[in-house]
Amino acid sequence: MAAEEAARRGGAQVYAIHLKLGQLSGVVKDALMFSYEVACQGTTLEGSQLIIEEIPVVVFCPKCNAETSLASLQRFCCGTCGALTSEIVQGKELEVVALEIQ
Ligand SMILES: [Zn+2]
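Note that this is a predicted model, so its numbers are computed, not measured.

## What to know about the sheet that holds strand 7 (residues 94–101)
Spatially, three strands are ordered 2-1-7 in an open sheet, and the strand pairing comes out mixed. Edge positions in the sheet fall to strand 2 (49–55) and strand 7, since each of these pairs with one other strand and no more. Here the average twist between neighbouring strands, direction ignored, is 20°. In this structure, strand 1 (residues 14–22) lies alongside strand 7, joined through seven bridges in antiparallel fashion. From the neighbouring strand, Ile 17 faces strand 7, where its bridge partner is Leu 99. Helix-sheet contacts for helix 2 (residues 29–40) involve strand 1, strand 2 and strand 7, and the interaxial angle to strand 2 is about 160°.

## Side note on helix 2
Compared with the 16 Å implied by 1.5 Å per residue over twelve residues, the 16 Å span of helix 2 between its first and last C-alpha is a close match. Where helix 2 is concerned, the buried positions are Leu 32, Tyr 36 and Cys 40. In an axial view of helix 2, the angular spread of the buried residues amounts to 55°, which keeps them on one side of the axis. Seen from the buried face of helix 2, the exposed residues on the opposite side, beyond 90 degrees, are Asp 30, Phe 34 and Glu 37. On its buried face, helix 2 sits against strand 1, strand 2 and strand 7. Trailing helix 2 by a residue or two, Gly 42 shows a phi angle of about 80°, which is positive.

## Focus on the environment of Glu 95
Here Glu 95 shows up in strand 7. Judged by its relative accessible area of 39%, Glu 95 falls in the partly exposed class. Sequence spacing of Glu 95 and Met 33 is 62 residues, and the spatial spacing of their C-alpha atoms is 14 Å. If we skip the residues at most four places from it in the chain, Glu 95 touches His 18, Leu 19 and Lys 20.

The rules behind each value
- Residues numbered from 1 in each chain as written.
- Predicted model: local features only at pLDDT ≥ 70, side-chain atom pairs only at ≥ 80, totals over all residues.
- Heavy atoms only, no water.
- Pairing = 2+ DSSP bridges.
- Helix = DSSP H or I, 4+ residues; strand = E, 2+ residues; numbered from the N terminus.
- Axes fitted to C-alpha atoms, helices over the stretch in contact; angles between N-to-C directions.
- Contact = heavy atoms within 4.5 Å.
- Expected span 1.5 Å × (residues − 1).
- Buried < 20%, exposed > 50% of the residue type's maximum accessible area, 1.4 Å probe, protein only.
- Arc of directions from axis to C-beta.

It is worth stressing that arrangement in space is one thing and function is another; only the former is reported here.
Below you can see the structure in the form of structure tokens.
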């Protein structure tokens, strides 16, 4: 995807890719870094850097009527009052936010 983006810009050398990775995206950061390197070999992205910003999970608590961070990934509870909640505000992200081109 990012390689196509680079190709559209006239085959410019991509220096770095910034990625947002939510803790609930189902993707492990280290595994992603490794597969990125392998996937980039022989493409315009070879030698580019993958910069991952990890996004913590934030849920909406109907009791507090506010957004709070999740106490634990195993328990979907409000970090303030402990009420169960399933309304995920953020944390599922897996998206490219920026490309740095030389
Ligand atoms: Zn709460």
